[in-house]
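# Architecture at a glance
What follows is the residue order along each chain.
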Amino acid sequence: MEQGPPECDEVLASLTDYLDDALTPGRHEGVTAHLGACPGCAAWLAQLRATIAALGCLRDGVVPPPVLTALRESFSR
């Protein structure tokens, strides 16, 4: 039985793994196809990339440890 394209919730939940190239090839293709057809999910991906770029400079010692921990926990959800 062939599956259809992943739904938005599934795609949004997979974006971190998508950016980390941690999806199976078939799943990666499905997410890529969905992103090409869904402006909302594509915008969410663009926002995630912008956030990563803006916060990429945050390292231990630059930001107080409790703030850095809270950020990491927030992004892991």
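Right, let's walk through the structure included here. (Residues numbered from 1 in each chain as written. Predicted model: local features only at pLDDT ≥ 70, side-chain atom pairs only at ≥ 80, totals over all residues. Heavy atoms only, no water.)

Moving on, we come to the environment of His34. Considering the arrangement of structural elements, one finds His34 in helix H2 (residues 25-37). Here the alpha-carbon distance between His34 and Val11, two residues 23 residues apart in the chain, equals 7.6 Å. (Helix = DSSP H or I, 4+ residues; strand = E, 2+ residues; numbered from the N terminus.)

The next thing to look at is the nonpolar core. If you look at the biggest cluster of nonpolar residues, it comprises 10 residues: Val11, Leu15, Tyr18, Leu23, Val31, Leu35, Cys38, Cys41, Leu45 and Leu48. Of all elements in the fold, only helix H1 (8-19), H2 and helix H3 (39-55) reach the threshold of two or more residues within this core. The contacts of Cys41, once residues within four sequence positions are left out, are Cys8, Val11, Leu12, His34 and Leu35. (Core = buried A, V, L, I, M, F, W, Y, C linked by side-chain atoms within 4.5 Å. Buried < 20%, exposed > 50% of the residue type's maximum accessible area, 1.4 Å probe, protein only. Contact = heavy atoms within 4.5 Å.)

What follows concerns H3. When the terminal C-alpha atoms of H3 are compared, their 24 Å separation across 17 residues agrees well with the 24 Å that a helix rising 1.5 Å per residue should span. For H3, every residue scored as buried is listed here: Cys41, Leu45 and Leu48. Down the axis of H3, the buried set is contained in an arc of 60°. They therefore lie on one face. Residues Pro39, Ala53 and Ala54 are exposed on H3 and point more than 90 degrees away from its buried face. Elements that come into contact with the buried residues of H3 comprise H1 and H2. (Expected span 1.5 Å × (residues − 1). Arc of directions from axis to C-beta.)

A few words now on the state of the cysteines. The tally for this structure, following the rule as stated, stands at zero disulfides. The structure places no disulfide on Cys8, whose sulfur is separated from the nearest cysteine sulfur, that of Cys41, by 3.6 Å. Between Cys38, a free cysteine, and Cys41, which holds the nearest cysteine sulfur, the sulfur-to-sulfur gap is 3.7 Å. The exposure class assigned to Cys38 is buried, which follows from its relative accessible area of 16%. (Disulfide = S-S within 2.5 Å.)

Everything listed here is a matter of coordinates, which is why it stays silent on function.
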